[in-house]
Amino acid sequence: MSAEDLENYEADLELELYREYRDVVGLFSYVVETERRFYLANEVDLQVRSAGGEVFFELTLGDAWVWDVYRSARFVRSVRVVTFKDVNVEELPKAELNLPS
């Protein structure tokens, strides 16, 4: 396999992942970013902890989707993340449901 073939394969995986994200984003209430992963979730619990003078974040997500090209199953029931880096949590706007008259 050439380097170009590998790059094309990885680009195809990223495009497939983006399309999946686009299809599922409306099912979730929150976007969560950590230094290692990007998640969509319906339940988010973020706790600031300290131990030995260090501050860290404990993040628990329920009903989540993980942005990761190499995961075979991106939908997960629960996720627990412990990190010393920044965590960003944003609530997604809910689209108005317009039913035909």
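Please read all numbers here as calculations on a predicted model, not as lab measurements.

1. So, the sheet that holds strand E4 (residues 75-83)
Across the sheet, five strands lie side by side as E4-E3-E2-E1-E5; this open sheet has antiparallel pairing. Looking along the sheet, the strands with just one partner apiece sit at the ends: E4 and strand E5 (88-91). Between one strand axis and the next, the sheet turns by 20° as a mean value, whatever way the strands run. Looking at chain direction, strand E1 (residues 30-33) and E5 are connected through four bridges and run antiparallel. Bridging from a neighbouring strand, Val32 pairs with Val89 of E5.

2. Description of the confidence of the model for the protein chain
Here the protein chain shows a mean pLDDT of 90. Residues at 70 or above account for 93%. Element-level mean pLDDT values for the protein chain span from 88 in helix H1 (residues 3-24) up to 97 in E1.

3. Side note on the packing of aromatic side chains
For the coordinates displayed, the defined rule picks out eight aromatic pairs. Taking the centre distance of 6.0 Å and the plane angle of 45° together, the rings of Tyr21 and Trp65 count as tilted. Of this pair, Tyr21 sits in helix H1 while Trp65 sits in strand E3 (residues 54-67), placing them 44 residues apart in sequence. Considered together, Tyr21 and Trp65 belong to a single accessibility category, that of buried residues. On the numbers, 5.7 Å between centres and 55° between planes, the contact of Phe56 with Phe84 is tilted. Remark: Phe84 occurs in the loop between E4 and E5 and Phe56 occurs in strand E3; sequence separation between them is 28 residues. Grouped by ring-pair contacts, the aromatic residues Tyr18, Tyr21, Phe38, Trp65 and Trp67 constitute a single cluster.

4. A few points about the environment of Val76
Residue position: Val76 is located in strand E4. The spatial distance from the C-alpha of Val76 to the C-alpha of Phe38 is 13 Å, given a sequence separation of 38 residues. Excluding residues that lie within four positions of it along the chain, Val76 makes contacts with Asp63, Ala64, Val66 and Arg71.

Quick notes on the rules
Residues numbered from 1 in each chain as written. Predicted model: local features only at pLDDT ≥ 70, side-chain atom pairs only at ≥ 80, totals over all residues. Heavy atoms only, no water. Pairing = 2+ DSSP bridges. Helix = DSSP H or I, 4+ residues; strand = E, 2+ residues; numbered from the N terminus. Axes fitted to C-alpha atoms, helices over the stretch in contact; angles between N-to-C directions. pLDDT = per-residue confidence, 0-100. Phe/Tyr/Trp six-rings, centres within 6.5 Å; stacked < 30°, edge-to-face > 60°. Buried < 20%, exposed > 50% of the residue type's maximum accessible area, 1.4 Å probe, protein only. Contact = heavy atoms within 4.5 Å.

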